Amino acid sequence: MRSTGFRRTLAAIGVCSCLALAASACGSGDDGSAGGKTRITVNCEPPGSAKVDRRFFEQDIASFEKQNPDIDVVAHDAFPCQDPKTFDAKLAGGQMEDVFYTYFTDAGHVVDINQAADLTPYLKELGSYDSIQKQLRDIYTVDGKVYGIPRTGYSMGLIYNRKLFEKAGLDPDKPPATWDEVRADAKRIAALGDGTVGYADYSAQNQGGWHFTAELYSQGGDVVGADGKRATVDTPEGHAVLRNLHDMRWTDNSMGSKQLLVINDVQQMMGSGKLGMYLSAPDNIPILVKEKGGDYKDLALAPMPGGKGTLIGGDGYMFNKKDTPAQIRAGLKWLDHMFLTPGAGFLGDYARAKKNDAPVGLPEPRLFTGAADAKDQQVKKANANVPVENYQAFLDGNQQLRMKIEPPDAQQIYSVLDGVVSAVLTEKDADIDQLLGDASGKIDSILARS
């Protein structure tokens, strides 16, 4: 499951968008030369409706082509950057762009079906590669070979309302660090009355399964075993997740009576000041302000409760297996210019973003390490227009957590786990043992077919 993504817009940081184009518009399969130039097609250009982002993207391509007059970049736009309904068909039909957008969870699949170019021999030409977080680089590394370059990454945390914490007599500078503390704080917030909910969670449209996974990671558990063949949800950690949700819902009544919620429902509750806490990535915060009526000063972010792990996700670019060496080199240069230069480019030009009223200072995406990260953070801090102190707990706490990507066959598994979470939140007498046992069998079947 993806978060809302990391493409900057005037309204929020949202998923970068691009539409599947007709075969004639895609550039894979030719020799990549045009008028003596190396020609590459790329996707995930912001759509025309996102006027500011589109302008930024076009400006950055123009500056790249000026610096590299021997390279011609042809960008394809639309919504979304990757459509799961057409992604495999474009790959199989040879219609994918030369440099194409992928979610982290796509990497292994694209390699398995032999549709990705091996970038390993060219990495020495990508000066920024070693500065990218290793755990993100590893996502695109299969059997020691590199098949993609990360562009952004996110990790889950706990968004909370500082104003409600204060009203409930809680210290907004000390967010809950354990699930027991979440439960206790949620109960006190719900006791404020007037329709206030202490803690909310998703339980429909596969989003409940996504959050169950994040909560399981936070407890130190996993959805699938290390061999990728067996479910590991029917465990003490899995039971702890569901027991906690059940008790907050039915014993404490701190989750409210309305259930089967999805992301928009929960964002609306938080933006309107009626919700104390929910799990999310930092990119939700601008949406809560720009679209849901929230205020930056009231919204804070803490690391995942439990202290053992958090779910990470994100995106990057892979290269068409038909690309020529010249196209691969050109594509890597383009990525370096657009996304991998600290404090510059489409995602990192914080001064430009600030001038256009986009939020600057959120704790993620945080792509780099070492000196590159220090430079990126320095430029971000200098242009911050949001209360960065509200996110310090998240930054500090994340350093101690195990970062885990989504499970294989994530969407199918989330569909199974959706039913488990929704049952616990809508049926007071739900049998947790049976729910997890049944879910485990269904997940085993999914894994056996993949």
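Residues numbered from 1 in each chain as written. Predicted model: local features only at pLDDT ≥ 70, side-chain atom pairs only at ≥ 80, totals over all residues. Heavy atoms only, no water.

1. Points about the overall build of the protein chain
So, point 1. Counting its regular elements, the protein chain contains 17 helices and 15 strands.
So, point 2. Since a compact globule built from 450 residues should have a radius of gyration of about 22 Å, the 22 Å found for the protein chain is in line with a globular shape.
So, point 3. Over its C-alpha atoms, taken along the principal directions, the protein chain stretches across nearly 70 × 50 × 35 Å.
So, point 4. The 450 residues of the protein chain split such that 59% are buried.
So, point 5. In the form shown here, the protein chain has an accessible surface area of approximately 17,800 Å², with 49% of it arising from carbon and sulfur atoms. (Helix = DSSP H or I, 4+ residues; strand = E, 2+ residues; numbered from the N terminus. Rg over C-alpha atoms; globule rule 2.2 N^0.38 Å. Buried < 20%, exposed > 50% of the residue type's maximum accessible area, 1.4 Å probe, protein only. Areas by Shrake-Rupley, 256 points an atom, 1.4 Å probe, with all protein chains shown as cover.)

2. Observations concerning the sheet that holds strand S10 (residues 157-161)
So, point 1. Pairing is mixed in the open sheet, where four strands are placed in the order S11-S12-S10-S13. Both edges of this open sheet fall to strand S11 (197-199) and strand S13 (299-303), since each of them pairs with a single strand only. With direction set aside, neighbouring strand axes in the sheet form an average angle of 25 degrees.
So, point 2. Taken together, the two bridges between S11 and strand S12 (residues 275-280) define a ladder with parallel strand orientation. Within the sheet, the bridge partner assigned to Tyr 199 lies in S12 and is Met 277.
So, point 3. Along the sheet, helix H6 (residues 179-190) makes contact with S10, S11 and S12, crossing S11 at roughly 175 degrees. (Pairing = 2+ DSSP bridges. Axes fitted to C-alpha atoms, helices over the stretch in contact; angles between N-to-C directions. Contact = heavy atoms within 4.5 Å.)

3. Quick notes on the layout of surface pockets
So, point 1. What the largest pocket holds in volume is close to 1,700 Å³.
So, point 2. Considering the residues around the largest pocket, the lining is formed by 50 residues, among which Thr 105, Asp 106, Pro 407, Asp 409 and Ala 410 are closest to the centre.
So, point 3. Of all the secondary structure elements, the ones that give two or more residues to the lining of the largest pocket are helix H2 (84-92), helix H3 (107-112), strand S7 (141-142), helix H7 (207-218), helix H9 (263-271), strand S14 (309-319), strand S15 (402-404) and helix H16 (410-426).
So, point 4. Here the second largest pocket is characterised by a volume of approximately 380 Å³.
So, point 5. Surrounding the second largest pocket, 21 residues form its lining, Gln 133, Gln 135, Arg 366, Gln 399 and Met 403 being those nearest its centre. (1 Å grid on protein atoms, 1.4 Å probe; cavity = no way out; pocket = protein on both sides within 12 Å on 5 of 7 lines; lining within 4 Å. Points joined across faces, edges and corners; volume = space filled by probe spheres on them.)

4. What about the state of the cysteines?
What makes a disulfide is a covalent bond joining the sulfur atoms belonging to two cysteines.
So, point 1. Counted by the stated rule, this structure contains one disulfide.
So, point 2. In this model Cys 44 forms its disulfide with Cys 81; the gap between the sulfur atoms is 2.0 Å. In this structure, the disulfide formed by Cys 44 and Cys 81 twists by about 60 degrees around the S-S bond and is classed as right-handed. You can see Cys 44 sitting in strand S4 (residues 37-45) and its partner Cys 81 sitting in the loop between strand S5 (71-77) and H2, a full 37 residues away along the chain. The same class applies to Cys 44 and to Cys 81, which are both buried. (Disulfide = S-S within 2.5 Å.)

5. Considering the confidence of the model for the protein chain
So, point 1. Confidence in the prediction for the protein chain averages 92 pLDDT; 92% of positions are at 70 or higher.
So, point 2. Considering only residues more than four positions removed or in separate chains, one finds that residues 4-29, a stretch of pLDDT under 50, has 116 contacts. (pLDDT = per-residue confidence, 0-100.)

6. Comments concerning helix H1 (residues 51-67)
So, point 1. An ideal rise of 1.5 Å per residue puts 24 Å on 17 residues; H1 measures up with 24 Å between its terminal C-alpha atoms.
So, point 2. Val 52, Asp 53, Arg 54, Phe 56, Phe 57, Asp 60, Ile 61 and Phe 64 are the residues of H1 that are buried. (Expected span 1.5 Å × (residues − 1).)

7. A short note on the nonpolar core
So, point 1. Formed by 73 residues in total, the largest nonpolar core has its most connected members in Tyr 199, Phe 212, Leu 245 and Met 277.
So, point 2. Element by element, the count of residues in this core is highest for H16, at 10 residues.
So, point 3. Those residues in contact with Leu 245 that lie beyond four places of it in its chain are Tyr 199, Asp 201, Glu 215, Met 255, Val 421, Val 424 and Leu 425.
So, point 4. With 53 residues, the next largest nonpolar core counts Phe 64, Tyr 147, Ile 149 and Leu 347 among its residues. (Core = buried A, V, L, I, M, F, W, Y, C linked by side-chain atoms within 4.5 Å.)

8. Concerning the pattern of salt bridges
So, point 1. Taken as a whole and assessed by the stated rule, the structure comprises 20 salt bridges.
So, point 2. The salt bridge involving Asp 247 is made with Arg 183; its shortest N-O contact spans 3.7 Å. You can see Asp 247 sitting in helix H8 (residues 236-251) and its partner Arg 183 sitting in helix H6, a full 64 residues away along the chain.
So, point 3. Taking relative accessible area as the criterion, Asp 247 reaches 14% and is therefore assigned buried.
So, point 4. In this structure, Lys 297 engages Asp 295 in a salt bridge whose closest nitrogen and oxygen atoms are separated by 3.0 Å. (Salt bridge = Lys/Arg side-chain N within 4 Å of Asp/Glu carboxyl O.)

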